[in-house]
Amino acid sequence: MRRKAVESRTMKSVGYESKSRILEIEFTSGEVYQYVDVPEMVHKKLLQAKSKGQYFNSDIRDDYTCIRLDARRRGTSW
């Protein structure tokens, strides 16, 4: 999945696939997670959020199932 760089202290890049409703986030730690069954509006709100980390913590982290991607499965960041 292609991700776009974002300005954030906690995230490096964010990607979204509308067909599968998967949100992919690369954190500044280098870890990449995919969040399952995420509505496109949540992705848009994340990109528009003044504090992406705060939006993630309040509206994504505990609300969607996530999968940590192993380094071999990671795609290009941006």
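This is a predicted model, so every value here is computed, not measured.

## Considerations on the overall build of the protein chain
Working step 1: The helix and strand inventory of the protein chain stands at two helices and five strands.
Working step 2: Along the chain direction, N to C, the helices and strands of the protein chain fall in the order β-β-β-β-α-α-β.
Working step 3: In the protein chain, buried positions account for 38% of the 78 residues.
Working step 4: Taking as baseline every contact in the protein chain between residues at least 6 positions apart, the subset at least 24 positions apart corresponds to 44%.
Working step 5: When the accessible area of the protein chain is evaluated, it comes to approximately 5,200 Å², of which 45% is carbon and sulfur surface.

## Side note on the sheet that holds strand β2 (residues 11-17)
Backbone-to-backbone hydrogen bonds pair the strands of a sheet. The strands run either parallel or antiparallel.
Working step 1: Read across the sheet, five strands follow the order β1-β2-β3-β4-β5 without closing on themselves; strand pairing throughout is antiparallel. Taken across any chain shown, the strands that pair with only one partner, and hence form the sheet edges, are β1 (4-5) and β5 (66-69).
Working step 2: When strand β3 (residues 22-27) meets strand β4 (residues 32-35), the two strands line up antiparallel, connected through four bridges. Counterpart to L23 in the pairing with β4 is Y35.
Working step 3: Against the sheet, helix α1 (residues 40-48) engages β2 and β3, with an angle of about 155 degrees to β2.
Working step 4: The strands touched by helix α2 (residues 52-59) within the sheet are β2, β3 and β4, with β2 carrying the most contacts at an inclination of about 55 degrees.

## Describing the pairing of β2
Working step 1: The buried count for β2 comes to five of seven residues, which makes it a mostly enclosed element.
Working step 2: Bridge analysis of β2 against β3 gives six bridges, and the strand direction is antiparallel. By the bridge assignment, M11 is partnered in β3 with F27.
Working step 3: Hairpin remark: β2 followed by β3, antiparallel, with four residues in the connecting loop; positive phi at R21, about 60 degrees.

Procedures and definitions
- Residues numbered from 1 in each chain as written.
- Predicted model: local features only at pLDDT ≥ 70, side-chain atom pairs only at ≥ 80, totals over all residues.
- Heavy atoms only, no water.
- Helix = DSSP H or I, 4+ residues; strand = E, 2+ residues; numbered from the N terminus.
- Buried < 20%, exposed > 50% of the residue type's maximum accessible area, 1.4 Å probe, protein only.
- Contact = heavy atoms within 4.5 Å.
- Areas by Shrake-Rupley, 256 points an atom, 1.4 Å probe, with all protein chains shown as cover.
- Pairing = 2+ DSSP bridges.
- Axes fitted to C-alpha atoms, helices over the stretch in contact; angles between N-to-C directions.

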